[in-house]
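Understanding the architecture of this molecule
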Amino acid sequence: MESIIFYILAGANTTLRIFFVTLIFAIPLGILFAIGKIAGGKIIKGILDIYTWLLRGTPLMLQIFFVFYGIPQLLGIKLDRDLAAYIAFIINYTAYFTEIFRAGILSIEKGQFEASKALGMSYPQTMRRIVIPQAIKRVLPPVGNEFITLIKDTSLVMVIAIPDIMRNTKEIVSREASPETFIIAAVIYLILTYGIVFLFSKTEKRLSYYD
Amino acid sequence: MESIIFYILAGANTTLRIFFVTLIFAIPLGILFAIGKIAGGKIIKGILDIYTWLLRGTPLMLQIFFVFYGIPQLLGIKLDRDLAAYIAFIINYTAYFTEIFRAGILSIEKGQFEASKALGMSYPQTMRRIVIPQAIKRVLPPVGNEFITLIKDTSLVMVIAIPDIMRNTKEIVSREASPETFIIAAVIYLILTYGIVFLFSKTEKRLSYYD
Amino acid sequence: GTAKEPVAEDTSLADIQAKGVFILGLDDAFPPMGFRGESGEIEGFDIDLANEVAKRMGVKVQLQPIDWTAKEMEINNKNIDVIWSGLTITPEREAALTFSQPYLGNKQVIVVLEASTIDEKSDLAGKKVGVQLDSSGQAAVEKETAILDSFGEFLKFDTYTTALLDLKNGTIDAVVGDEILIKYMMTKDPGTFKVASDNFGDELYGVGFRKADISFAAEVNKQFNAMIADGKAAEISTKWFGEDIFYKPAN
Amino acid sequence: MKVVNLKNIEKSFGTLKALNGVDLVINKGEIVSIIGPSGSGKSTLLRCINHLEIIEQGTIDIFEMPIANAKEGEKTKYISEKELRKIIQRIGMVFQGFNLFPHKSVLENIMEAQLTVKKTPPAEAKAIALELLHKVGLDDKEKAYPSQLSGGQKQRVAIARALAMQPEIMLFDEPTSALDPELVGEVLQVIKKLAQEHMTMIVVTHEMAFAREISNRVIFMDEGKIMMDGKPDDIFVNPTHPRIKTFIERMI
Amino acid sequence: MKVVNLKNIEKSFGTLKALNGVDLVINKGEIVSIIGPSGSGKSTLLRCINHLEIIEQGTIDIFEMPIANAKEGEKTKYISEKELRKIIQRIGMVFQGFNLFPHKSVLENIMEAQLTVKKTPPAEAKAIALELLHKVGLDDKEKAYPSQLSGGQKQRVAIARALAMQPEIMLFDEPTSALDPELVGEVLQVIKKLAQEHMTMIVVTHEMAFAREISNRVIFMDEGKIMMDGKPDDIFVNPTHPRIKTFIERMI
Ligand SMILES: Nc1ncnc2c1ncn2[C@@H]1O[C@H](COP(=O)(O)OP(=O)(O)OP(=O)(O)O)[C@@H](O)[C@H]1O
Ligand SMILES: Nc1ncnc2c1ncn2[C@@H]1O[C@H](COP(=O)(O)OP(=O)(O)OP(=O)(O)O)[C@@H](O)[C@H]1O
Ligand SMILES: [Mg+2]
Ligand SMILES: [Mg+2]
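Rules used in this analysis
- Residues numbered from 1 in each chain as written.
- Chains lettered and ligands numbered in written order.
- Predicted model: local features only at pLDDT ≥ 70, side-chain atom pairs only at ≥ 80, totals over all residues.
- Heavy atoms only, no water.
- Near = heavy atom within 4 Å.
- Polar contact = N/O pair within 3.5 Å; in protein donor to acceptor, adjacent residues only side chain to side chain.
- Areas by Shrake-Rupley, 256 points an atom, 1.4 Å probe, with all protein chains shown as cover.
- Helix = DSSP H or I, 4+ residues; strand = E, 2+ residues; numbered from the N terminus.
- Nonpolar A, V, L, I, M, F, W, Y, C, P; charged D, E, K, R; others polar.
- Buried < 20%, exposed > 50% of the residue type's maximum accessible area, 1.4 Å probe, protein only.
- Pairing = 2+ DSSP bridges.
- Least-squares fit on C-alpha atoms with pLDDT ≥ 70 in both.
- Contact = heavy atoms within 4.5 Å.
- Axes fitted to C-alpha atoms, helices over the stretch in contact; angles between N-to-C directions.
- Parallel < 35°, antiparallel > 145°, perpendicular 65-115°, else oblique.
- Buried area = accessible area lost by both parts, 1.4 Å probe.
- Salt bridge = Lys/Arg side-chain N within 4 Å of Asp/Glu carboxyl O.
- Expected span 1.5 Å × (residues − 1).

Our next topic: the site of ligand 2. All names here are of chain E. As a matter of local geometry, ligand 2 sits amid F13, L16, A18, P37, S38, G39, S40, G41, K42, S43, T44 and E174. S38 places a side-chain nitrogen or oxygen 2.5 Å from an oxygen atom of ligand 2. In this structure, an oxygen atom belonging to ligand 2 sits 3.2 Å away from a main-chain N or O atom of S40. For ligand 2, whose unbound accessible area comes to 630 Å², protein coverage reaches 64%. It is helix α1 (residues 42-49) that contributes the most residues to the shell around ligand 2, three residues altogether. Here the residues of the shell around ligand 2 sort into four nonpolar, six polar and two charged.

With that settled, the discussion passes to the pairing of strand β10 (residues 217-222) of chain D. Residue and element names in this part refer to chain D. Where burial is concerned, most of β10 is hidden: six out of the six residues are buried. Judged by which residues are buried, β10 turns out to be covered on both faces: R217, I219 and M221 on one side and V218, F220 and D222 on the other are all buried. Pairing between strand β3 (residues 31-35) and β10: four bridges, direction parallel. If you follow I35 over to β10, its bridge partner there is F220. Both β10 and strand β11 (residues 225-230) contribute to a ladder of five bridges, which runs antiparallel. For I219, the partnering residue across the bridge sits in β11 and is D229. With antiparallel pairing between neighbouring strands as the criterion, β10 and β11 make up a hairpin whose turn holds two residues, including E223 at a positive phi of roughly 50 degrees.

With an axial shift of 0.0 Å and an RMSD of 0.1 Å, the rotation relating chain A to chain B amounts to 180 degrees. In short, the pair behaves as if placed about a two-fold rotation axis. Minimal C-alpha distance to the rotation axis in chain A is attained by A:P142, lying at 3.4 Å. When the interface residues of chain A are mapped onto chain B, 96% of them are again interface residues, pointing to one common binding face.

Our next topic: the packing of helix α1 (residues 2-39) of chain A against helix α8 (residues 165-176) of chain A. All names here are of chain A. α8 packs onto α1 with a crossing angle of 150 degrees between their chain directions and a minimal axis gap of 7 Å. When the axis of α1 is compared with that of α8, the two are roughly antiparallel. Contacts between α1 and α8 involve I4, Y7, I8, A10, G11, A12 and T15 from the first element and I165, N168, T169, E171 and I172 from the second. Tallied by class, the residues present in the contact of α1 with α8 amount to seven nonpolar, four polar and one charged.

What follows deals with the interface of chain A and chain C. Listed per partner, the contact involves 21 residues of chain A and 25 residues of chain C. The three residues of chain A that bury the most area against chain C are A:Y69, A:S174 and A:R175, which together make up 30% of that side's buried surface. Where chain A packs against chain C, one counts three salt bridges. A salt bridge links A:R81 to C:E74; the shortest N-O distance between them is 3.0 Å. Applying the counting criterion to the chain A and chain C interface returns eight residue pairs in polar contact (both at pLDDT 80 or more). Counting only elements with at least two residues in the side of chain A that touches chain C, the list comes to α1, α3 (60-75) and α8 of chain A. A per-element tally of the side of chain A that touches chain C places α8(A) first, with seven residues.

Attention now moves to the site of ligand 1. Residue and element names in this part refer to chain D. Close contacts around ligand 1 come from F13, L16, A18, P37, S38, G39, S40, G41, K42, S43, T44 and E174, and that covers them all. Note that an oxygen atom of ligand 1 is positioned 3.0 Å from one of the backbone N or O atoms of G41. Measuring from an oxygen atom of ligand 1, one finds a side-chain N or O atom of T44 at 2.5 Å. Coverage of ligand 1 by the protein chains reaches 63% of its 630 Å² of free accessible surface. Mapped by element, the contributors of at least two residues to the shell around ligand 1 are β2 (16-27) and α1 (42-49).

In an α-helix there are 3.6 residues to a turn, and that puts residues three or four apart on one side. For helix α4 (residues 122-135) of chain D, built from 14 residues, the straight-helix expectation of 20 Å at 1.5 Å per residue is met to within 8% by its first-to-last C-alpha distance of 20 Å. Just downstream of α4(D) lies D:G137, where phi reads positive at about 75 degrees.

Right, let's talk about the interface of chain A and chain B for a bit. With 27 residues of chain A at the contact, the number on the chain B side is 26 residues. Here chain A packs against chain B, burying approximately 2,600 Å² in sum over the two surfaces, 72% of which is carbon and sulfur. Contact with chain B buries area across many residues of chain A, yet A:W53, A:N145 and A:L190 alone supply 21% of it, more than any other trio. Summed over the shared surface of chain A and chain B, the number is zero salt bridges. If you look at where chain A meets chain B, you find seven residue pairs in polar contact (both at pLDDT 80 or more). At the level of elements, α2 (42-57), α3, α4 (81-106), α7 (140-153), α8 and α9 (182-206) of chain A are the ones that each hand at least two residues to the side of chain A that touches chain B. With eight residues, α9(A) is the largest single contributor of residues to the side of chain A that touches chain B. Residue composition of the side of chain A that touches chain B, grouped by class: 18 nonpolar, five polar and four charged.

Okay, here's the thing in structure tokens:
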């Protein structure tokens, strides 16, 4: 029993690695692309519209599949399994974050932009110092949903044979023919997501110092 | 080739059935639970908090598994496969919609509640006629995200052996040893999600008649 | 088809020997062929067999678990060098891969609950029958169209575990699958299931290679025959199955 | 009839006593202006009458029916929700921030409570709404949405919406202070019309000239208390209390 | 020095001509009030000076440097973004709606542009901010957030924020019209102080008495045009134009 728990927990390593790597890249990229969708020229906007549609519109599983098997065939290169997983998760989650931050930035009052401009601030300065910090506060709930979804989505890496919580659990389920083992996985997920829920409600409270 | 496409499209039947049944139940329930979380007593709130955490915190796949295999063992009843899938999807998506609508309702100004009360409207009337219609407009973007996710999540029913787009595709991929077949699935998903994206941007425009 | 004479530009064997290792792709949830033991290490009949072949070739084995759906891509992208995981030899697969000679015979058996009266294929008429998606069990059933059409419902499961769970819960009436795997699983839940006397035919396991890797496949065949000759094959078989069921070519 | 009868009302927010022992009787047909510095409790007083705030001490009678009874240290006893709503229907309230329903047209805003609360048939509700729109001088705006109106127009719709319930008393909480100076006139005009029709009204306002013109009674509040309650001239012309004197000088 | 020099400015919104041929020269040290009915183009005029609107016709010189040049049917030529920002820095603007940064404290609001635009060292920026807070009478509010301030306090912070950039001209767009009447005085007081220091100012206002008191020049706008431009007394005491006469009578 103990060894089973340890074996499943070993998969949490993958889960957490993908979770953090994805967020570190996808959040800033999402913000950048959101700005591109709002302030970019027609071409940039068009490209980003197609990007968010394609990436949100197809299953992440297929995207992981495509990055790991398709790209090497098309480009004749060889991709590391982990690297492929990171790339697929980052491009997928960036699409979701782009849409979320776009809604957040659009919700900031025009007056904030005008006041910044009237003070001589450049557009990048306005975004970085005035608009984005306020937008982040407003999009906390949907971002929280994405964090929770990401924790669970990481298990999709099993399609390119990377072991994670869910795959290790399935292995044990079939070795021992014991579906009850899934309960262990469920508890691990609940602990991880509880951490996220807790963090977000803390952050929400911390940011409530204004408004 | 043609027969392959038809075979995969047959799976779309499952996808759409689960999609519509889930939404028909999960949206009203989500609204109801959101109101419960906001206006309910301590016990109702506590129960709903645990509900949304458990259901958002564990993978939907495990929930489907649990409903179909676990509940019959615990209660000694026999569940229909499709019914089990519907139940699992509804309870899972209700949890997400609850959180989304909760944020939406909380974003409605206090003045709207006060004006309704001052006119003699009851709390249910205020909710139904004044608050919910406005909240729906505000939560369109995150609800759109959920619709898109749902279309793709339906493929999880393959864990209880219900055929859908993705499973039929996988079958052909391994029967024909032709991974390119995944492209057909991707295209079908893109068409379905394009429908959703289109519908939502239409609705957003239609609702922009005010504010 | 099975290994023929090496063609001039086929350097596959030389490449493996130069590398000193071949990468073995497997479904590591397929006891007793290849699975994670209590220690967390992958073990099984296929693993012992491959290690013995490698030792005789003077190279090492590197194990790479893969997703079964992706096995063709894994091998064509050269992420792995062989698919060695209780791979059933079928005409479709023979079109895409080069196979070693068969090394194990297998049956597609019908599993039912201990109390069930199903014993013949014809008893399955009107019943709910489950298989594992993409398994050779599915292929075997689909070949016998008349019987397939007589089923009440034909269900394809993610894994045998869930199929057997359904069987136990009474939501289906029979499971068709690899004798080797099913027998292993029945030991985990004794007294629940039994195997019907009729079956869906025999089939053979072989090692899958890239289409062009003929010299490598021929080398593995050579080692198989040597192991049959010196009794090593029988020893490994006995370790996992309690008897020598290693497949021996007719000639 | 004593339309409103408050006895010894107290209401706190945290440690702050917003109302600190208020007694007030309003008779049918009276037009009462409430003036006083910011934070003196004027809005809180109106909101207590309308059950938008729950009192902690004192009794409230509306239309000579007891609706609230609060004793120190006990939970305030109100009559049932349903009874309360019946009383509230007969009180019209107009807010500083308009609080129109943004997703409904002007006509729908005015019809809404008639349909849901009074169950008036739609055709009748519409006729009433159109008549009221005419009264507030907005005949051509029935199809407009609140966001398409100027502040003065919004406030007149809010008044029409309240009047549609045929209230027996109207409460106005600074109905013009969110308006640009030029738009103030339109709204005051409508209130004056109501005064001429002898609607019972309580008006919290900063417009001293207006208060003096329309009301037959003026109340000056400070620090949660009614400091003076009298005829307009008593307060504006001969404010005895020094606090009132400085306040009025500052405002005019 | 001609601080502002506008020639024949035109600006439309859709089919509506918000500015229709405006010529205006403001000299250093002048204090100019702009009055006129709602929708006459007062805000638009200020916003054009500050590049918050793009003109369609005419030329704009600021501090005697040409910054915009527009010809009928051609795309307006502005100087480069970077040059423009340098000019805008030297213009302070105060909005009707304050537009403070809600996530920053009062001190941070005033320091923000000093740090990012002027690259003032933090210690110095803070000293300047504290000094300005003293000037607008808010010494004790440095740590407060905008949401904790009254309207009058917010507007004074907004003025301090603009002054922190040491502008050579200040634009005020109805700085008191979003304020409760009681709070108006505080803000007017601060503007008066600036007037005494001979800051060049353009003030759009509805406060006629105030306009008359502080300004040495008053402009009356109507329908996108400057209808009159003269000394306060000329406009308030002897308004020749009948349109101006009715407007002023209505306002006072
Ligand atoms: N919901 C609330 N929470 C906390 N304090 C409140 C609340 N509502 C009012 N107060 C406080 O109660 C006191 C009285 O407020 P009230 O709004 O009744 O004053 P007012 O006379 O209407 O002032 P104003 O002229 O500014 O509208 C004030 O100090 C105010 O800050
Ligand atoms: N962004 C805009 N889009 C469309 N129309 C606009 C816009 N800004 C201003 N207008 C219109 O241009 C005209 C001039 O507006 P402006 O705000 O300059 O008037 P104003 O004199 O400042 O009025 P007020 O005293 O009401 O502030 C008005 O008719 C107004 O509705
Ligand atoms: Mg008030
Ligand atoms: Mg203006």
